[in-house]
Structures are given as structure tokens and as C-alpha cells.
There are 2 protein chains.
Amino acid sequence: MAVRNFVEIVTVGDEILLGATLDTNAAFLARESARAGFEVRRTTTLPDAPEPLREGFREARGRGGAVLVTGGLGPTPDDLTRWALAEAFGRSLRLVPELLSELEEKFRAFGYVTPPAGNATQAELPEGAVPLPNARGTAPGMLVEDDHAAFFAMPGVPHEMEIMFREQVLPRLRARAGPGLVEVRQRVLRTAGIGESALAERVADLLDGREAPKVAFLPHGGSVDLRLTAAGLLPAAAERVLGELEWALAERLSPWVYGRDDETLGGAVGRALAGAGLSLATAESCTGGLIADTITNEPGSSSWFLGGVVGYANEAKRDLLGVSWETLERAGAVSADTCVEMLAGARARFGAECSLAVTGIAGPGGATATKPVGLVHFGVDVAGAVRLERATWPGTRRGIKQRAAKAALLLLLRAVEARGHGERGAGDARGRGDARVAEGGGRGGGEAGEERG
Amino acid sequence: MAVRNFVEIVTVGDEILLGATLDTNAAFLARESARAGFEVRRTTTLPDAPEPLREGFREARGRGGAVLVTGGLGPTPDDLTRWALAEAFGRSLRLVPELLSELEEKFRAFGYVTPPAGNATQAELPEGAVPLPNARGTAPGMLVEDDHAAFFAMPGVPHEMEIMFREQVLPRLRARAGPGLVEVRQRVLRTAGIGESALAERVADLLDGREAPKVAFLPHGGSVDLRLTAAGLLPAAAERVLGELEWALAERLSPWVYGRDDETLGGAVGRALAGAGLSLATAESCTGGLIADTITNEPGSSSWFLGGVVGYANEAKRDLLGVSWETLERAGAVSADTCVEMLAGARARFGAECSLAVTGIAGPGGATATKPVGLVHFGVDVAGAVRLERATWPGTRRGIKQRAAKAALLLLLRAVEARGHGERGAGDARGRGDARVAEGGGRGGGEAGEERG
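Residues numbered from 1 in each chain as written. Chains lettered and ligands numbered in written order. Predicted model: local features only at pLDDT ≥ 70, side-chain atom pairs only at ≥ 80, totals over all residues. Heavy atoms only, no water.

Participant: Before we move on, can you summarise the pairing of strand β1 (residues 6-12) of chain A with the specific residues and values?
Facilitator: Every other side chain in a regular strand lies on the same face of the sheet, so the side chains alternate between the two faces. Residues and elements named next belong to chain A. Burial analysis of β1 places 6 of its 7 residues in the buried class, the great majority of the element. In this structure, β1 lies alongside strand β2 (residues 39-46), joined through 7 bridges in parallel fashion. Within the sheet, the bridge partner assigned to T11 lies in β2 and is T45. Judged from the 5 bridges that link them, β1 and strand β3 (residues 65-70) form a sheet pairing that is parallel. If you follow V10 over to β3, its bridge partner there is V69. (Buried < 20%, exposed > 50% of the residue type's maximum accessible area, 1.4 Å probe, protein only. Helix = DSSP H or I, 4+ residues; strand = E, 2+ residues; numbered from the N terminus. Pairing = 2+ DSSP bridges.)

Participant: How would you explain helix α6 (residues 158-177) of chain B if you had to name every residue and give the values?
Facilitator: Residue and element names in this part refer to chain B. Within α6, the axis deviates most sharply at F165, by approximately 45°. Buried within α6 are the following residues: E160, M161, I163, M164, F165, Q168, V169, L170, L173, R176 and A177. Each element contacted by the buried residues of α6 is listed here: β1 (6-12), α2 (24-35), β3 (65-70), β6 (130-132), β7 (141-145) and β8 (149-154). (Bend = angle between axes of the 7 residues up to and from the residue. Contact = heavy atoms within 4.5 Å.)

Participant: Could you give an account of unusual backbone geometry, naming the residues involved and the relevant values?
Facilitator: Residues and elements named next belong to chain A. At the junction of G363 and P364, the peptide bond is cis and its omega measures out at 0° in the coordinates. Residue placement: P364 occurs in the loop between β15 (354-360) and β16 (375-382). At D261, a position not held by glycine, the phi torsion is positive, near 50°. A relative accessible area of 38% places D261 in the partly exposed class.

Participant: Explain the confidence of the model for chain A to me, and be specific about the residues and the numbers.
Facilitator: Residues and elements named next belong to chain A. Averaged over all residues, the pLDDT of chain A equals 87, while 90% of them reach at least 70. Confidence over residues 424-450 falls short of pLDDT 50; this stretch has 55 contacts with residues more than four positions distant or in other chains. In the predicted complex, the global pTM is 0.73; the interface-specific ipTM is 0.74. (pLDDT = per-residue confidence, 0-100.)

Participant: Run through the environment of G232 of chain B, naming residues and quoting values.
Facilitator: Position of G232 of chain B relative to the elements: it lies in the loop between β11 (223-230) and α8 (235-252). Taking the C-alpha atoms as reference, G232 of chain B lies 26 Å from F151 of chain B; in sequence the two are 81 residues apart.

Participant: If you had to explain the domain arrangement of chain A to someone new, which residues and values would you point to?
Facilitator: Annotation of chain A at the domain level lists domain 1 (6-176), domain 2 (184-260) and domain 3 (265-452). The centre of domain 1 of chain A, based on its C-alpha atoms, is set 53 Å off from the matching centre of domain 3 of chain A. (Domains from an automatic or database assignment.)

Participant: So what about helix α5 (residues 97-109) of chain A? Which residues, and what values?
Facilitator: Residue and element names in this part refer to chain A. Taking 1.5 Å of rise per residue, the 13 residues of α5 would be expected to cover 18 Å, and the 19 Å separating its terminal C-alpha atoms lies within 8% of that figure. Buried residues of α5: L99, L100, L103 and F107, and no others. Down the axis, α5 shows its buried residues gathered within 100° of arc, on one side only. Summarising the geometry of α5, the exposed residues directed more than 90 degrees from the buried face are P97, E98 and A109. Check the buried side of α5 and you find it contacts β4 (93-95), β5 (124-126) and β6 (130-132). G111 lies just past α5 and shows a positive phi near 100°. (Expected span 1.5 Å × (residues − 1). Arc of directions from axis to C-beta.)

Participant: Residues and numbers for the pattern of salt bridges, please.
Facilitator: Scanning the entire structure with this criterion turns up 56 salt bridges over all chains. Note that D293 of chain B is salt-bridged to R398 of chain A, the shortest N-O span being 3.0 Å. With D293 of chain B in helix α10 (residues 290-296) and R398 of chain A in helix α14 (residues 397-420), this residue pair bridges two chains. A relative accessible area of 3% places D293 of chain B in the buried class. Connected through shared salt-bridge partners, E8, R41, R42 and R63 of chain A together with E59 of chain B make up one network. (Salt bridge = Lys/Arg side-chain N within 4 Å of Asp/Glu carboxyl O.)

Participant: So what's going on with the sheet that holds β6 of chain A? Which residues, and what values?
Facilitator: With mixed pairing, the 12 strands of this open sheet are ordered in space as β6(A)-β7(A)-β8(A)-β3(A)-β1(A)-β2(A)-β2(B)-β1(B)-β3(B)-β8(B)-β7(B)-β6(B). The sheet terminates laterally at β6 of chain A together with β6 of chain B, the two strands that pair on one side only. Within this sheet the neighbouring strands show an average axis-to-axis angle of 20°, counted without direction. Pairing of β7 of chain B with β8 of chain B involves 4 bridges; the strand directions are antiparallel. In the sheet register, L143 of chain B faces β8 of chain B, and the bridge partner there is F152 of chain B. The sheet strands contacting helix α3 (residues 50-63) of chain B are β2 of chain A together with β1, β2 (39-46), β3 and β8 of chain B, and the helix crosses β2 of chain B at an angle near 165°. (Axes fitted to C-alpha atoms, helices over the stretch in contact; angles between N-to-C directions.)

Participant: A description of the sheet that holds strand β10 (residues 214-220) of chain A should follow, citing residues and the corresponding values.
Facilitator: All names here are of chain A. Strand order in the open sheet formed by 4 strands is β10-β11-β9-β12, and the pairing between neighbours is antiparallel. The sheet terminates laterally at β10 and β12 (257-260), the two strands that pair on one side only. If you compare each strand with its neighbour and ignore which way they point, the axes differ by 25° on average. By the bridge criterion, 3 bridges tie strand β9 (residues 185-191) to β12 in an arrangement that is antiparallel. Looking at the pairing, L189 lines up with R260 of β12. On top of the sheet, helix α7 (residues 196-207) reaches β9, β10 and β11 (223-230); it is set at about 170° to β10, its chief contact. Along the sheet, α14 contacts β10, β11 and β12; its crossing angle with β12, the most-contacted strand, is approximately 90°.

So, in C-alpha cells, the structure goes:
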């Protein structure tokens with residue numbers, strides 16, 4: 001039996017087409033539809049203009065299936081969804097007396113004797129349409145359908161639309177789909193420290209010719225997620241193919257995988273440190289506080305993060321982190337030697353067991369003859385075991401900051417994990433860094449109170 | 001003469017159709033197209049699946065005109081835009097040797113001997129297509145056209161797409177449109193330190209019953225922009241109504257307006273400090289480095305930003321910033337007294353003329369009987385003139401960090417401006433803060449070299 005598990009989404013509004021408003025309604029409907037097992041075939045945004053709206057609806061009707069529409073149901077002259085739906089289905093608009101009574105009732109509750117001018121149009125429906133009650137506003141939604149297509153029109157106000165979708169639309173969609181509707185199941189593997197192309201190359205043989213699950217590479221904020229999607233399978237089969245591929249990918253990409261689904265890199269670092277009973281201080285130059293910001297986005301980070309120094313000027317590296325002026329002049333601020341001294345300084349000044357340091361050139365200025373924009377030295381010190389790496393990244397100032405922050409946090413995570421596996425001081429497990437042993441600093445005093453500033 | 005001033009936008013990607021990613025590319029293209037005078041006729045999102053993608057492109061080709069496409073140009077097997085464009089135009093894909101050479105060149109610069117497997121497909125174009133150079137990444141864009149329609153395909157990575165649109169696509173769109181293009185003109189007023197509802201209430205009388213310009217309130221990242229749009233007017237009339245309303249709004253909202261159009265708060269602070277020849281150090285607790293990160297996103301910030309301390313633990317506030325243990329025990333970490341000592345400590349330790357300090361409770365934990373989640377004390381010291389404020393904000397941990405960061409940077413901007421206007425040490429111009437005079441610290445040594453780590 002054919003399962004009618006496709007939907008289309010149509011959002012109506014000049015605000016979206018002008019780029020003034022992000023289309024969060026489309027994202028909500030897409031997410032909720034996918035979770036319920038419907039595949040979103042496409043999303044379209046149409047303007048508050050009669051001709052394009054009617055044509056867009058006609059085309060969607062021609063493609064058939066269920067169409068989720070939001071917007072254009074208000075009382076003003078540029079609210080044209082009712083009219084365009086009637087046109088697209090070749091029906092006329094009719095005032096529905098019961099709807100008018102309900103509207104008048106709602107407006108009386110707001111203190112009006114009769115609805116404000118224009119609001120009576122909200123009681124009009126195309127012939128044969130089924131009204132969908134609006135639990136949180138005045139404009140009712142509607143279902144307009146024939147043998148081929150079903151349009152569910154909802155208001156554009158998000159909190160009105162969301163409850164109408166959940167209570168009025170989704171049950172009807174499910175009834176239309178009948179039995180056999182299969183949920184779309186997803187897993188996400190999160191990686192850092194490696195680019196999209198290099199990732200794809202490393203797993204190409206695992207994905208070649210594979211029908212399910214489908215794998216998407218999603219780069220964002222300096223790192224890449226892999227999303228595995230199984231659609232059109234029964235639950236047990238979906239879980240099996242997802243589990244198999246997830247395991248194979250995670251093994252292949254183990255140096256770079258830091259988490260699954262909604263886990264964050266800062267959260268993974270925090271769990272590792274808290275689990276090992278270690279505290280952390282940071283010493284940032286080119287990342288400019290982004291690492292500390294990332295860490296402190298995690299609730300509870302104050303239990304393992306003591307603080308950090310953003311040592312932007314060389315004097316700040318010297319005065320706040322104890323980097324020697326001789327090193328800054330000889331090797332330069334962007335060097336492995338400076339990075340090592342930043343690590344030691346951060347541990348000592350904050351009395352932390354672990355430290356993380358980054359120094360590099362985010363650009364666009366600051367390059368020298370031997371040090372290009374994008375060159376970054378970074379390192380970690382985990383209870384005396386130092387790992388250092390260097391990289392040169394392309395991209396914008398912000399992009400370089402993001403990649404450096406993610407790479408440094410990943411290095412820290414791996415170093416804390418390695419310590420847990422008895423590899424203390426073994427150096428860089430990935431074989432690309434220098435291993436040195438720095439002075440260990442003692443842990444500072446206990447917590448002074450319940451507040452954290 | 002008919003003006004060809006319509007465009008369509010097509011974004012490609014399962015992550016958008018699944019509701020996993022907001023379609024910011026569509027919003028960018030819509031906004032920039034509208035600014036340039038093009039009317040966006042519709043926006044469509046299509047999946048990473050061969051059949052629906054080809055059909056969607058065929059339909060758009062059938063409607064004719066200019067079509068802006070983003071996404072699906074990467075090197076992985078689910079990047080299908082090239083193939084679907086070739087199909088929609090009935091052409092074959094061909095490897096373009098010059099593009100392959102360029103790709104190889106780019107990858108060599110990243111340290112590859114040959115491009116990673118799969119990347120060579122990025123050198124394939126439909127017959128007759130014109131490549132559009134990618135200034136920031138590997139995948140070139142392309143223009144595929146016939147007498148009826150012109151498809152401009154761009155990468156899905158926002159910073160690659162944006163520069164390609166501005167430099168490669170927009171000039172070609174303008175050439176296609178010819179003379180007679182009527183621009184949609186926009187202005188943006190950027191505010192911080194005040195919420196959307198409070199803003200709207202303060203300017204309601206200026207907007208009531210006004211036809212043009214249209215005003216939209218756009219909250220994001222802890223602050224709110226006001227966008228003024230004049231469409232369908234001749235240039236002189238548009239400029240007149242925009243100028244009048246912008247002036248009235250800016251005057252009414254002067255305590256909160258920090259810039260216009262693409263100006264950032266960090267950039268405004270930087271210009272003010274650089275103009276006054278002042279240097280800055282930061283002392284952050286609950287914002288956790290977000291302020292330093294915001295500042296260092298500005299190119300050239302190393303000329304006025306010396307660095308900062310993220311003093312998360314109380315010991316860090318004492319050891320790195322010189323906050324007295326007595327103050328921390330008596331008044332608490334989240335207090336005006338601690339904030340004042342953080343300001344003095346940051347100036348002294350970094351040798352900066354100005355400092356900024358924030359201490360608060362970002363939540364969800366950390367509240368006490370008298371100090372709720374969202375309570376934040378923040379202040380600035382501009383060459384000895386201290387201003388302090390406190391606020392209690394609702395919202396998430398991240399939201400509170402963002403609002404605190406924006407509010408503190410706004411306070412700094414106003415204090416530096418006031419000094420420029422001869423109001424040295426006059427305290428808070430908005431009349432809500434304490435004014436105190438702290439010890440002034442001397443400026444540290446000169447710059448040591450051309451690098452900044």
C-alpha cells in the first residue's frame with residue numbers, strides 16, 4: 001500500500017522574501033513533520049501579492065499531496081491566502097455564519113462591540129473547506145482538499161501556528177497517511193579538527209553505493225557534523241543500519257569525533273575534566289576569548305574552569321602569563337616557545353591542573369615574511385603532560401578563530417582521555433606534535449562561596 | 001521597456017528541509033537582492049535528492065528569469081546541484097581543465113599533492129556554463145543560462161556565497177536588468193541595552209499610521225535592530241522619507257543607538273577608543289570571555305585592545321585581578337564592590353587607560369537568596385571616570401551572557417564619547433549609575449613587534 005508520507009511547506013509573507021525575517025515557521029514545520037515520519041519534499045516562500053500567490057498554490061496543487069501553508073490569514077488587505085486558495089481550487093469564498101459568531105465572541109472578550117473593520121473576512125472560507133480552530137488567536141485555519149491535494153492553511157504567528165499544527169493538522173496528516181507511516185530516524189556524529197573534504201575522503205569507502213542511512217556533512221562554526229538519516233525503514237531495521245554505520249564511522253574517525261547528537265565540544269571537555277577531577281585555565285591570544293566563552297556556555301563549567309587570560313598585547317603575555325620578553329623577541333609571539341610559556345603561566349597563575357594555550361595570526365593584518373595569516377600554535381598541559389600542535393588554516397578572521405578554538409579544545413579532550421587510559425605524558429597520540437614536560441602547578445584554594453561572578 | 005528585475009531564490013539542502021538549519025542564505029540573498037532593486041518572486045528549498053532537485057530546477061527554468069541557487073556544490077556524493085542543473089538545461093557535464101588546475105593549485109596551497117578524492121567533480125560544469133570564481137573556498141560557482149532563464153549557482157557556505165554574490169552575481173544581475181531598476185532602499189539603526197517591546201513602546205507615536213518607510217524590529221544576539229524600508233518610491237522621495245524617520249528614531253533612541261547598517265558594537269567601541277587614543281583591558285566573570293571575543297572579531301583591534309582576564313573562580317579574581325578576599329567575602333563576587341575592584345585590577349595589570357568589568361549570575365545555577373539568576377553588575381573605567389550599572393535579565397544562560405556583553409560594551413561606548421565631549425568623570429549620562437573615581441594606571445610599554453598572537 002502506498003504511504004502518503006510526503007508534505008510540502010508554503011510560507012506566505014513579504015517579510016520573509018525581503019530577508020527581514022528568518023523563516024522559523026518553515027523550520028518548525030519541517031522539523032515536526034520529519035519527526036512524525038513525513039518527508040518534506042520542498043519548502044516555498046511566496047509574496048503577499050495576488051498573482052504569484054495563486055500561481056504558487058496552483059503549482060503545489062498540481063504536484064499533489066499534503067501542503068502546509070502558514071501566513072496570509074490576517075484581517076488586512078495584504079492577507080491573501082484565503083482568496084488565493086479559493087482561486088487555486090476554482091471555488092468561491094463564502095462567509096461562514098458560525099465562524100463569524102465565534103469571531104464576534106472573541107472580539108467581545110477583547111472589549112469590542114463588533115470586530116474591527118476587516119476582521120469579518122476571517123470568517124470567509126473557500127466552499128467545502130473545513131475550518132481549523134485557532135486556540136490562541138482570532139484567525140481560524142482551514143483545510144481545503146480534493147482527491148489530489150490537501151492544503152492546511154495556518155496563521156503566520158508562530159505560537160498560534162504551532163498549537164494548530166500539533167492539535168489540528170498533525171492528527172489529520174496521520175489519518176491521511178494511514179498505517180505504515182515510518183518515522184525518520186537520525187543520528188549525528190560531531191567532529192572537530194578536520195575539514196569537510198578530508199572527512200569525506202576518509203570515509204568514502206564506507207559510504208560508496210550505500211542506500212541507507214543517508215549521510216550528510218554539515219560544516220558550521222569551525223567544525224563538521226555528520227548526520228545519518230534512515231527513512232522509509234521499519235524501526236528495527238532503521239536502528240540496525242544506523243547503529244552499524246555509526247559504529248563504523250566513529251571508529252574510522254575516532255581522532256576527531258567528540259560527541260553525538262546535541263553534545264557540544266565544551267560539554268565533552270567539561271565531562272572529561274570533571275570526571276578526572278581536573279581544573280582548567282586558558283591562555284588565549286588570537287582566539288581572543290572565544291575558547292573561554294565556549295567553555296562558559298556550559299552550565300556548571302564553574303566547577304572545573306577557573307578562568308583565563310586573553311593576552312593580546314605582548315606585554316600582557318609577559319605581565320599576566322609570565323612569558324619571557326627574551327622568548328617574545330627571539331621566537332616571536334606566534335611560536336611554539338611562546339605557547340609553552342603561556343601554558344605554564346596559565347597553570348601557575350590560576351593554580352590549575354590543566355591549561356590550554358593558543359597563539360596565532362587571525363588576520364587580515366599581522367602576517368610576517370615567515371608567518372602567514374592563519375598560522376596558529378596551540379597546546380595543552382594536562383597535569384604536566386604537554387602536547388603542542390601547529391596548523392595553518394584558510395578563511396576569514398572569525399573562521400580562523402573558530403577553527404583554532406575547536407582544534408585546541410579537541411586536543412585538550414584527547415589529552416585528558418589519554419591520561420585516563422594510563423598514557424600520562426605520552427605526548428601526542430596523533431603523532432604530529434611535540435611532547436614536552438612543563439612544571440606542574442598546584443591546585444589553588446577551595447571555593448569561597450556559592451556565587452560565581 | 002520591461003525591466004527584468006525579478007529574481008527567484010533556490011536553496012538546496014536536506015538540513016534546511018529537516019528544519020535542522022535556519023535558511024540564513026535565503027534571507028541574505030533576499031535582503032541583498034531587495035536592496036539592489038530586485039523583487040524576490042519566491043524562495044524554494046529543495047532536498048539533496050536527484051529527482052526532486054531536477055524537477056524543482058526545471059519548474060524554475062520554466063518560470064524564467066534570474067534564479068539564485070545556493071548549496072549542493074561541494075565534493076561529496078550528496079552534492080547534486082551541478083548534475084541537476086545540467087539535467088534541467090538538457091546539457092551534459094564536462095570537466096573544465098582550467099578549473100581543475102585552479103582547484104589543484106588551491107589544494108596544493110593547503111599542503112595536498114592532489115585534491116582529495118571527489119574534489120575533481122568541482123571542476124565539472126554543464127556545457128556552456130560560465131564559472132564564477134570562489135574567493136574564499138574551493139568550489140567555483142557557475143552561471144547557466146539560455147534565452148529564457150539564468151541560474152547563478154553559489155556554494156552553501158555563507159561567507160563563500162556572500163562574496164561571490166556581491167562580486168560575481170550582482171553585477172551580472174544588474175547588467176541583465178538594464179536601466180530603469182528602482183531600488184528598494186533600506187536603513188538599519190542598531191541598538192543595544194534595551195528590549196524589543198520597550199523599544200517599540202518608545203517609538204509607537206512615530207510609527208502610528210505611517211505608510212512609508214516600513215519599520216521592522218529585528219532582535220538578535222542580545223540586541224535589537226530597526227530596519228526602515230522604502231519601496232516603490234523614486235530615489236529622492238525614498239531618501240527623504242528614510243532620512244526624516246531615521247533622524248526622528250535616532251534622536252528618540254539616542255541612549256541605545258550605537259550604529260547604522262553593518263556597523264557592529266565592537267567596531268563602534270574600537271573607533272571611539274582609537275579616535276581618543278585610549279587602550280582597553282577587560283575583566284569578565286559571567287560573560288566568560290564573550291566580550292573579549294566580540295572585541296577581537298574586529299580587524300585591527302590589537303591596536304587598542306591589550307587583553308583581558310576571565311576571572312571565573314574567586315581565586316582568579318583575587319590572584320589575577322587583585323580583588324580583595326575581604327570584598328569577595330563581604331559583598332560577594334556578584335556585587336558593585338567586586339566590579340569596581342575588577343575595573344581597577346584590569347587597568348593596573350594590563351597598563352590600560354580604560355577597563356570594562358562584568359560580574360553576574362548567568363544561571364541556571366548560582367543564585368542565592370538575595371541574588372537571582374540574571375543579576376549582573378557591570379562597569380567601565382575610562383581614564384579614571386568610573387560608571388557602574390546593574391541589571392537583572394531574563395532568559396537562558398547564553399542569552400544573559402549576550403545581553404550583559406552588549407550592555408557593557410554600550411556603557412563603554414557612551415563613556416568614551418562623553419569624555420570626548422568634555423564630560424570627563426561626570427558619571428553616568430543616563431543617570432542610573434554610580435560615579436566613582438578609581439586609581440588611574442599608566443600605559444604599558446610600546447609594541448614589541450609586528451606579530452600579535
